[in-house]
Amino acid sequence: GLLSKQHLMDVRLRELPAWLATCDFSPQGLLGGVQRAWISYYNKYINVKRGGPAGISMLLASYCLLSYGWNYQHIKGQRWRKYH
Amino acid sequence: MLSRLVLRAAPAALRSLPPPLAVGVLHATRALHTTQQPLAPLPPLPEKGGEVRHGLIPEELFKFLYPKTGVTGPYMLGTGLVLYLLSKEIYVINHETVAAICILSVIIYGVKKYGAAVAAFADKLNEEKVAVALAVKNKAIQTLETAIEEEKKEQWRVEGRGYLFDAKRNNVAMLLESNYRERLLLVYNEVKKRLDYQVAMQLLRRQKEQEHMIQWVEKNVVQSITPQQQKESIAKCILDLKALSKSAQAAV
């Protein structure tokens, strides 16, 4: 009960498995987790009076990284050397 | 400053999001508000967003690494990571890298040059919206205040109701009084007329009786004077006149 109320950032490393056990991994639970994460990000970086480029640039950067990761198998063919 | 434009377009963007995501976001907002403080008045938006360095890396990372590695820690971490990715070719340099470099340079140049102007423009738009809402609120408050004053004035006027009714009562009493006096005068005049008539009748009767009596006496006297008496009276008159003339001559 007490462990699940904490955010991920406040959980100590040794308590991580216990915290993961209290997580809700049903579809609704996952969706709720995604919603909460989005809401916290939105309220911290975008929903402010005087924002800057940071809010969307972080979203775009993470999008770039994600799409690079998804296409990595295809990009591996364009490497310059075969052995690293 | 881009986020400000996004914020202005947020409701429209929310509508354009796929329905489950938009509904999910709305539902999450509703759940948050019911668990926290009541709906109105809403707390104002925070002035600035979370600190982000170079536009990409949140400040929390730097704070997290500062006790162990000091100020240059995160930069060393970044450099090491980049070199590792490049050397192991986890990040492959190809045509996309060149495209990314060109796009990024253009974007950064645009942001650095026109960021402040766009931010000021978005701020102005926001301020206009807020000013309109504030004007509406102030107007509503003013109308309500004038309504309150009018109401108080009406209440003060109600207190004068007593005077109004007193004046009306006085008016009615005066009307009644004047009407009564008019009728009194009328009665008086009528009675006087009738009495005058009776008096005039009596006077007339007496006058007629007197005249008639005088005439009758004269007529009888004239009738009673016979011719014999007339001669005797005339002779007596002549004798008297002679006596008088004698006494008058004697006096002279």
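Quantities reported herein were computed from a predicted structural model and do not represent experimental measurements.

A.B. asks: Explain the overall build of chain B to me, please; I cannot follow it from the model alone.
C.D. replies: Helix and strand counts for chain B stand at 7 helices and 2 strands. Secondary structure of chain B in N-to-C order comes out as α-α-β-β-α-α-α-α-α. In chain B, buried positions account for 10% of the 252 residues. Long-range pairs, those at least 24 residues apart, make up 37% of the contacts in chain B between residues at least 6 apart in sequence.

A.B. asks: Before we go on, may I ask you to explain the nonpolar core in this structure?
C.D. replies: The biggest cluster of nonpolar side chains holds 7 residues, and these are Tyr-41, Tyr-42, Tyr-45, Ile-46, Ala-54 and Met-58 of chain A together with Val-52 of chain B. Within the residue set of this core, elements represented by two or more residues are helix H3 (27-46) and helix H4 (54-70) of chain A. Here this core gets 4 residues from one element, more than from any other, and that element is H3 of chain A.

A.B. asks: What exactly am I supposed to notice about the interface of chain A and chain B here?
C.D. replies: How big an interface is tends to be expressed through the accessible area that disappears when the partners come together. Between chain A and chain B, the residue contacts involve 27 residues of the former and 37 residues of the latter. It is Lys-49, Arg-50 and His-84 of chain A that lose the most area in chain A upon contact with chain B, and together they represent 21% of the buried surface on that side. The interface formed by chain A and chain B includes 3 salt bridges. Salt-bridge contacts for Arg-50 of chain A lead to Asp-123 of chain B; the nearest nitrogen and oxygen are separated by 3.1 Å. Among the secondary structure elements, those contributing two or more residues to the side of chain A that touches chain B are H3, H4 and helix H5 (72-75) of chain A. Top element by residues in the side of chain A that touches chain B is H3 of chain A. It accounts for 7 residues.

A.B. asks: I tried to follow the UniProt feature "transmembrane region" (unreviewed entry) in chain A on my own but got confused; where do I start?
C.D. replies: Feature annotation in UniProt places "transmembrane region" (unreviewed entry) on residues 54-72 of chain A, given in this structure's numbering. Between the C-alpha atoms that bound residues 54-72 of chain A the distance is 26 Å, and the span itself is 95% helix and 0% strand.

A.B. asks: When you look at H4 of chain A in this model, what are you seeing that I'm missing?
C.D. replies: Because an α-helix packs 3.6 residues into every turn, residues spaced three or four apart end up facing the same way. Its 17 residues give H4 of chain A an end-to-end C-alpha distance of 24 Å, which sits within 8% of 24 Å, the value for a rise of 1.5 Å per residue. Tucked inside the fold, the buried residues of H4 of chain A contact H3 and H5 of chain A together with strand S1 (52-53) and strand S2 (57-58) of chain B.

A.B. asks: What should I look at first to understand the pattern of salt bridges in this one?
C.D. replies: Pairing is possible between side chains that carry opposite charge, provided their charged atoms lie close to one another. All names here are of chain B. Applying the stated criterion to the full structure yields 12 salt bridges over all chains. With a shortest N-O distance of 3.4 Å, Glu-190 and Lys-193 are connected by a salt bridge. Taken as a pair, Glu-190 and Lys-193 lie in helix H6 (residues 161-224) at a separation of 3 residues, close to a single helical turn. The exposed category is assigned to Lys-193, whose relative accessible area is 51%.

A.B. asks: Can you help me understand the packing of aromatic side chains in this one?
C.D. replies: Any pair of aromatic rings gets described here by the distance separating the centres and the angle formed by the planes. Residue and element names in this part refer to chain A. Scanning the model with the defined rule gives 6 aromatic pairs over all chains in all. Here Trp-38 and Tyr-41 contribute two aromatic rings whose centre-to-centre distance is 6.3 Å and whose plane-to-plane angle is 35°, an arrangement assigned as tilted. Placement of the pair is Trp-38 and Tyr-41 together in helix H3, with a separation of 3 residues, close to one helical turn. The exposure class of Trp-38 is partly exposed, given its relative accessible area of 32%.

A.B. asks: It is not clear to me how unusual backbone geometry should be interpreted in this structure. Could you clarify?
C.D. replies: A negative phi angle characterises most non-glycine residues, just as the trans form characterises most peptide bonds. All names here are of chain B. Positive phi, close to 55°, is recorded for His-54, a residue that is not glycine. Looking at where His-54 falls in the secondary structure, it is placed in the loop between S1 and S2. Judged by relative accessible area, which is 61%, His-54 ranks as exposed. Despite not being glycine, Glu-89 shows a phi value in the positive range, around 55°.

A.B. asks: What is the right way to look at the side chain of Asn-47 of chain A in this model?
C.D. replies: Residues and elements named next belong to chain A. In this fold, Asn-47 is placed in the loop between H3 and H4. Residue classification places Asn-47 among the buried residues on the basis of a relative accessible area of 18%. At a separation of 3.4 Å, a polar atom in the side chain of Asn-47 contacts the side chain of Asn-43.

A.B. asks: What is the right way to read the packing of helix H3 (residues 59-69) of chain B against helix H4 (residues 73-87) of chain B from this model?
C.D. replies: Axis angle and axis distance: for two packed helices, these are the angle between their axes and the distance between the axes, and together they describe the pair. Residue and element names in this part refer to chain B. Two elements in contact, H3 and H4, have axes separated by 8 Å at closest approach and are oriented at 100°. Accordingly, the angle class assigned to the pair H3 and H4 is roughly perpendicular. The segment H3 lies against H4, with Phe-62, Leu-65 and Thr-69 engaging Gly-73, Pro-74, Tyr-75 and Leu-77.

A.B. asks: Would you take a moment to explain the confidence of the model for chain B for this structure?
C.D. replies: Atom-level detail of predicted coordinates should not be read off regions where pLDDT is low. The pLDDT averaged across chain B works out to 86; a share of 85% of its residues lies at or above 70. Overall fold confidence for the complex sits at a pTM of 0.55, while the interface term, ipTM, reaches 0.77.

A.B. asks: It is not clear to me how the packing of H3 of chain A against H4 of chain A should be interpreted in this structure. Could you clarify?
C.D. replies: All names here are of chain A. Direction vectors running N to C along H3 and H4 enclose 135°, while the axes themselves pass 8 Å from each other. As far as their axial angle goes, H4 and H3 are oblique. From H3, Trp-38, Tyr-41, Tyr-45 and Ile-46 reach across to H4, where they touch Ala-54, Gly-55, Met-58 and Leu-59. A per-class count over the contact of H3 with H4 returns 7 nonpolar, 1 polar and no charged.

The rules behind each value
- Residues numbered from 1 in each chain as written.
- Chains lettered and ligands numbered in written order.
- Predicted model: local features only at pLDDT ≥ 70, side-chain atom pairs only at ≥ 80, totals over all residues.
- Heavy atoms only, no water.
- Helix = DSSP H or I, 4+ residues; strand = E, 2+ residues; numbered from the N terminus.
- Buried < 20%, exposed > 50% of the residue type's maximum accessible area, 1.4 Å probe, protein only.
- Contact = heavy atoms within 4.5 Å.
- Core = buried A, V, L, I, M, F, W, Y, C linked by side-chain atoms within 4.5 Å.
- Buried area = accessible area lost by both parts, 1.4 Å probe.
- Salt bridge = Lys/Arg side-chain N within 4 Å of Asp/Glu carboxyl O.
- UniProt positions renumbered as here; feature names shortened; annotations may be inferred.
- Expected span 1.5 Å × (residues − 1).
- Phe/Tyr/Trp six-rings, centres within 6.5 Å; stacked < 30°, edge-to-face > 60°.
- Polar contact = N/O pair within 3.5 Å; in protein donor to acceptor, adjacent residues only side chain to side chain.
- Axes fitted to C-alpha atoms, helices over the stretch in contact; angles between N-to-C directions.
- Parallel < 35°, antiparallel > 145°, perpendicular 65-115°, else oblique.
- pLDDT = per-residue confidence, 0-100.
- Nonpolar A, V, L, I, M, F, W, Y, C, P; charged D, E, K, R; others polar.

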